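# Observations on the model geometry
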Amino acid sequence: MVRRAGGFIPATTLNLLAAAWIQFQIHDWFQHESYQSDEFYDIQLPPGDEWPHGKMLLPCTKPDETLEPSDINCPGYKNTNTAWWDGSQIYGSSEATTESQRTKDPDGKLLLTQRGKGVFLPHDDSGNPKTGFSDNWWTGMEMLHTLFAMEHNAICDMLRAAYPVWTG
Ligand code: HEM
């Protein structure tokens, strides 16, 4: 909260970086498991709505089948991301994902590619960014994931300078 002599000054605008930041954090904490293809909510559209194909289908979240019904008073759902505040949107929720992003160099860096003056996340053969969690992608995610990978690598350089014998 910013206070000045004249009192509290409210923010009158909020730009898209705020939305990107919150979404980025959500992607660290959770992604509830959905049914793969067969179960959808059919959201009613008002007459004349221009939503493509005339139907808005929302994938149903899949209840956790490992729970014993007598143990629960309301449905439970599985999280496919680690629930910890551990940067899993950057590093992945499995060792295999983390490994696939490492340069394998002795400095412990993440893969980034240089194009001209720009630094970019690498992409897989389908064009998806290689990062810990790449669902629901847009420019905001591209910016924050790239920034954090660059920050990771900058910290690697600082640690290398301070501790030359450390392994990656
Ligand atoms: C262009 C921006 C965004 C896109 C394309 C997007 C897309 C999606 C999609 C496709 C889902 C999954 C729905 C499902 O599995 O049924 C989702 C879930 C969710 N999104 Fe977003 N989203 C965006 C921005 C945001 C922002 C800005 C926030 C928060 C401020 C947010 C919060 C959430 C939350 C809380 C969930 C539920 C996660 C879960 O329970 O698994 N999203 N989003």
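Use the structure listed above.
Throughout, a residue's number is its position along its own chain's written sequence, starting from 1. This being a predicted model, a pLDDT of at least 70 is required before a residue's local features are given, and a value of 80 or more before pairs of side-chain atoms are given or counted; all residues contribute to the totals for chains, interfaces and linings. Each side-chain value is worked out from all heavy atoms of the structure, with water and hydrogens disregarded.

### What about a nonpolar patch on the surface?
- Patches in this entry comprise residues that are over 30% relatively accessible and not in a salt bridge; like charges within 9 Å are linked, as are nonpolar side chains (Val, Leu, Ile, Met, Phe, Trp, Tyr) within 5 Å. Exposure was quantified through the Shrake-Rupley algorithm and a 1.4 Å probe, taking into account, for residues, occlusion by the shown protein chains and nothing else. For salt bridges, the criterion is a side-chain nitrogen of Lys or Arg within 4 Å of an Asp or Glu carboxyl oxygen. Nonpolar side chains collect at one region of the surface, where Ile155, Met158, Leu159, Tyr163, Val165 and Trp166 lie side by side and expose about 630 Å² of accessible area between them.
- A run of H or I in DSSP becomes a helix once it reaches four residues, and a run of E becomes a strand once it reaches two; helices and strands are each numbered from the N terminus. Relative to the assigned elements, tryptophan 166 resides in the segment after helix H4 (139–162).
- Classification of tryptophan 166 by relative accessible area gives partly exposed; the value is 45%. Relative accessibility decides the category of a residue: with a 1.4 Å probe and only protein chains considered, values under 20% of the type maximum give buried, values over 50% give exposed, and everything between is partly exposed.

### Notes on the site of the ligand
- Here a residue counts as near a molecule or strand whenever at least one of its heavy atoms sits within 4 Å of it. In the neighbourhood of the ligand, the contacting residues comprise Ala19, Ile22, Gln23, Ile26, Phe30, Gln31, His32, Ser34, Pro59, Asn136 and Trp138.
- As used in this structure description, the phrase polar contact means that two N or O atoms lie within 3.5 Å; if the pair is within protein, one of them must be able to donate a hydrogen and the other to accept it, and residues adjacent in sequence are counted only when both atoms belong to side chains. Here a nitrogen atom of the ligand and a side-chain polar atom of glutamine 23 are 3.4 Å apart.
- One nitrogen or oxygen atom from the main chain of histidine 32 is found 2.5 Å from an oxygen atom belonging to the ligand.
- Per element, the largest residue contribution to the shell around the ligand is four residues, and it comes from helix H1 (residues 16–29).
- Of the residues contributing to the shell around the ligand, the split by class is six nonpolar, five polar and no charged.
- Per the annotation, domain bounds derive from an automatic or database assignment of domains. Of the residues that make up the shell around the ligand, three or more belong to each of domain 1 (16–31 + 85–160) and domain 2 (32–78). Only Asp, Glu, Lys and Arg are considered charged in this grouping, and only Ala, Val, Leu, Ile, Met, Phe, Trp, Tyr, Cys and Pro are considered nonpolar; every other residue, Gly among them, is considered polar.

### Here's the deal with the packing of aromatic side chains
- When two rings of Phe, Tyr or Trp (its six-membered ring) have centres within 6.5 Å they constitute a pair, described as stacked for plane angles under 30 degrees, edge-to-face for angles over 60, and tilted for the intermediate range. Per the counting criterion, the structure on display carries five aromatic pairs.
- Considering the side-chain rings of phenylalanine 24 and phenylalanine 148, the 5.0 Å spacing of their centres and the 45° angle between planes classify their relative orientation as tilted. With phenylalanine 24 in helix H1 and phenylalanine 148 in helix H4, this residue pair connects regions lying 124 residues apart in the sequence.
- Classification of phenylalanine 148 by relative accessible area gives partly exposed; the value is 27%.
- The interplanar angle of 10° and the centroid separation of 4.2 Å between the aromatic rings of tyrosine 163 and tryptophan 166 together place this pair among those described as stacked.
- Tyrosine 163 gets classed as partly exposed once you look at its relative accessible area, which sits at 38%.
- The rings of Trp21, Phe24 and Phe148 are connected pair by pair, giving a single aromatic cluster.

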